[in-house]
Structure formats: structure tokens, C-alpha cells
Amino acid sequence: MEGISIKNTYYSTTALASGALLALAIFLNGRLAVRLSPAWSSLVVHFVGIFGSWFLWRILSRSGGLLPYSSYVPRWAYLGGLGGAVIVFFANTTVNSVIGLVGSLSLMILGFAVFAILIDINGWLGMPKRHISPGDLLQVLCLMSGSFLIILY
Amino acid sequence: MNSLVFISLALFNGFLIAGVRVTNAKLGMYVSAAGASFWNHLTGFLALALTVPWLLGVPDADFNGIPFYLYLGGLLGAVYIAVNNTVIPSIGAGRSTVIVIAGQIMFGALLDFAGTGMTAVLPSFLGITLVVLGMWVGYRAKLGIPAVAIAQQERPDSANGK
């Protein structure tokens, strides 16, 4: 039991730190988007990311292979990045619409969190089903209301 | 009426983000977190490279004039996706998502404050307090079996992308 809760603390803290990393990445990408355009910035960022992630994989996995491939994984899982391109276009559309940046960001975050929780509950996309406890709901409520307070003011 | 379309689109886009993140985490359970980050960037780049120049045209920008550090966002993104692929199977998609969002918003507010000094202090302080409270609540929660363990049961080898 103790081991499990230490792991939880470790992974939760790592997740929080990765959020900070994401904010820094978005900050830099935003600066790039001013010079290019949001879609072109995303294109360039993905290109740089190919090399960054490949080197990261080679260093961490110590694999001698050329590509991180496994025949045990369902084929569709390799194609998730295609959805990332659709996200870029949709975000581009809504940010430049009547709902603007803050509206887009708030709604995307809401959809993101709600769908992620639904994935947990239903075990979609090959994830294990998870029971959502009252404590989990309290955590979601605190984190989401805290995030929205910061966004909206 | 028109705004309802964009509201639905933004909400749907959030669904899509969750789907993409979890799909990549699923891949990461087999080819390692960083390996899945590679596929995420490769397929994302190919899809954008095949559509953006045709749909939006080539920008009239001086690529040589762009400071080198602005390109580093891509490297940070690669690490971010890899970390996400580690965290999602371990503590769940929902918990990972709300924590990452909180971290992103909190640090984003700090960046804004450092950059322009224009941040509403009281709501931000309240928001950060709520985030800290939420993290504390989460630290006390018990977890189920990590999905990583399930993936290891499903396959006979422990291949890191052989």
C-alpha cells in the first residue's frame, strides 16, 4: 500500500512538472507562430520533435533498432499523431472565431478533461477501466476550478 | 447561433486531444514512452506537411532570421509527450489530464506575470491555492493496478522497440 501511494505522489508530481514544461513549449511555439503562423509553427515544431523524441528514445531504450516498433501493439495506435494535425486546424478555426482564445482554451480544456475521465471510466482505447472515487472527483473539482480561475481572470 | 458551432468545435477538439494523448500512451506501453513520442511527432508532421502548405500557403517569413531558441519548443514537446506517456498508464488518463492542465495554467500564469506583470493577483493566488489543495487530495488517493503492468502481461517479451 505504501509503495503504491509513493508511486502516486511521484507520478502526480511529474505530471505537474510536465504541465510546466508544456507551458514553456507553448510559450516558445507562440513566439514562433507570430513570425510564421500557428499552423506553420506547429509544422516546424513537429519536425524538430521527430528528432528530439528519436534521440530520447535511443538514449533511454538502449535499443539497437532504427525505429521503436513492436508487433504486439494494435496498428491504429501508431497513427495518433494524425489526430494532432486535425487539432491544430480546429484550434486555428476556433481561436479566430467569435469565441476567441480564452473561450477556445477553456472549452478545449473542459473537453480534454471530461473525455479523459470518460476513457478511464469506460476503458476506451485499450486503457484499463478505473473506478472514480469521491476523492478523485474532489481532486478534479479543485484542479479544474483552480485552473479556470487563473484562465478567466 | 454561429457561436454554438464554434463552441461545439472547441469542445470536440478537447475530446480529440484526450483521444490522441491516450492513443499515444497506449502505444507507449509497447514501444516505450519516448518511442511513442517519436511516432506522434512523425505522423503529426507528415499530416501537417501534406496539408498546411496547400491549405494555408507558404508564409512570407524570413526563416533565417528566427532565433535558434524558438525552435527548441519542439524538443520540449517531445519530452512532454514522453513524460505523458509514462504518467497516463500509471495514474490514469483523467488524473494525469487535470494535473497537467493545472501545471500548464499555473506556470503559464507565472510566465505571463514575468513577461508583462499583468496578471490578476487575487484570482491567480486563489487558483494556485486550489491547485495545491487538489494535488494534496490526489496524493492521499490509492491507485489501481498500473496499466503498464497489464501491458507487460499481454506480451511475452519486454521489447523496447525491437
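Every value quoted in this text rests on a predicted model; they were computed, and no experiment measured them. (Residues numbered from 1 in each chain as written. Chains lettered and ligands numbered in written order. Predicted model: local features only at pLDDT ≥ 70, side-chain atom pairs only at ≥ 80, totals over all residues. Heavy atoms only, no water.)

For the overall build of chain B, give the residues involved together with the corresponding values.
Of the regular secondary structure elements, chain B holds 6 helices and 0 strands. Across chain B, helices and strands are ordered from the amino to the carboxyl terminus as α-α-α-α-α-α. Across the 162 residues of chain B, 55% fall into the buried class. Carbon and sulfur atoms form 71% of the exposed surface of chain B, whose accessible area is close to 7,400 Å². (Helix = DSSP H or I, 4+ residues; strand = E, 2+ residues; numbered from the N terminus. Buried < 20%, exposed > 50% of the residue type's maximum accessible area, 1.4 Å probe, protein only. Areas by Shrake-Rupley, 256 points an atom, 1.4 Å probe, with all protein chains shown as cover.)

Can you tell me about the interface of chain B and chain A, naming the residues and giving the values?
Interfaces are often described in size by the accessible area the parts lose on coming together. Chain B puts 117 residues into the contact, and the matching count from chain A is 107 residues. Between chain B and chain A, a total of about 10,200 Å² is buried, with carbon and sulfur atoms accounting for 80% of that surface. Counting across the interface, chain B meets chain A through 1 salt bridge. Linking Asp136(A) and Arg95(B) is a salt bridge whose minimum nitrogen-to-oxygen distance equals 2.9 Å. (Contact = heavy atoms within 4.5 Å. Buried area = accessible area lost by both parts, 1.4 Å probe. Salt bridge = Lys/Arg side-chain N within 4 Å of Asp/Glu carboxyl O.)

Describe helix H1 (residues 2-31) of chain B, with residues and values.
With 30 residues, H1(B) ought to run about 44 Å at 1.5 Å a step, and its terminal C-alpha atoms sit 43 Å apart, in line with that. Note on H1(B): the residue one or two positions beyond its end, Ser32(B), has a positive phi of about 75°. (Expected span 1.5 Å × (residues − 1).)

Describe the side chain of Ser97(A), naming the residues involved and giving the relevant values.
Inspection of the secondary structure assignment puts Ser97(A) in the loop between helix H3 (80-95) and helix H4 (100-122). One polar contact links the side chain of Ser97(A) to the main-chain carbonyl oxygen of Thr94(A), over a distance of 2.7 Å. (Polar contact = N/O pair within 3.5 Å; in protein donor to acceptor, adjacent residues only side chain to side chain.)

Which residues make up the pattern of salt bridges, and what values do they have?
All names here are of chain A. Applying the stated criterion across every chain yields a total of 2 salt bridges over all chains. Between Asp 120 and Arg 130 there is a salt bridge, with the nearest N and O atoms lying 3.9 Å from each other. In this pair, Asp 120 sits in helix H4 while Arg 130 sits in the loop between H4 and helix H5 (134-152), placing the two residues 10 residues apart along the sequence. When sorted by exposure, Asp 120 lands in the same class as Arg 130, which is buried.

Which residues make up the environment of Ala15(A), and what values go with them?
Structurally, Ala15(A) is set in helix H1 (residues 2-35). You can call Ala15(A) buried: its relative accessible area is 0%. Not counting the four nearest positions on each side in its chain, Ala15(A) is found in contact with Val87(B), Ile99(B) and Val100(B).

Any details on H3(A)? Residues and values, ideally.
Its 16 residues give H3(A) an end-to-end C-alpha distance of 23 Å, which sits within 8% of 22 Å, the value for a rise of 1.5 Å per residue. Where H3(A) is buried, its residues touch helix H2 (38-61) and H4 of chain A together with H1 and helix H2 (33-56) of chain B.

Help me get a handle on unusual backbone geometry, residues and values and all.
Notably, Leu125(A) is not glycine yet its phi reads approximately 55°, a positive angle. You can see Leu125(A) is positioned in the loop between H4 and H5.

Account for the packing of H2(B) against helix H3 (residues 73-91) of chain B, with residues named and values stated.
All names here are of chain B. Where H2 meets H3, the closest approach of the two axes is 8 Å, and the angle between their N-to-C directions is 130°. The angle between the axes of H2 and H3 places the two elements in the oblique class. Relative to H3, the crossing made by H2 is right-handed. Touching Ala 33, Ala 34, Ala 36, Ser 37, Asn 40 and His 41 of H2 are Gly 74, Gly 77, Ala 78, Ile 81, Ala 82, Asn 85 and Thr 86, all from H3. (Axes fitted to C-alpha atoms, helices over the stretch in contact; angles between N-to-C directions. Parallel < 35°, antiparallel > 145°, perpendicular 65-115°, else oblique. Left-handed = near helix turned anticlockwise from the far one by under 90°.)

Residue-level account of the packing of aromatic side chains, with values.
Summed over the entire model, instances satisfying the criterion amount to 12 aromatic pairs over all chains. Between the aromatic rings of Phe38(B) and Trp39(B), the centroid separation amounts to 5.4 Å while the plane-to-plane angle is 70°, which identifies the pairing as edge-to-face. There is no split in this pair, since Phe38(B) and Trp39(B) are both buried. Aromatic ring contacts, followed pair by pair, group Tyr69(A), Tyr78(A), Phe38(B) and Trp39(B) into a single cluster. (Phe/Tyr/Trp six-rings, centres within 6.5 Å; stacked < 30°, edge-to-face > 60°.)

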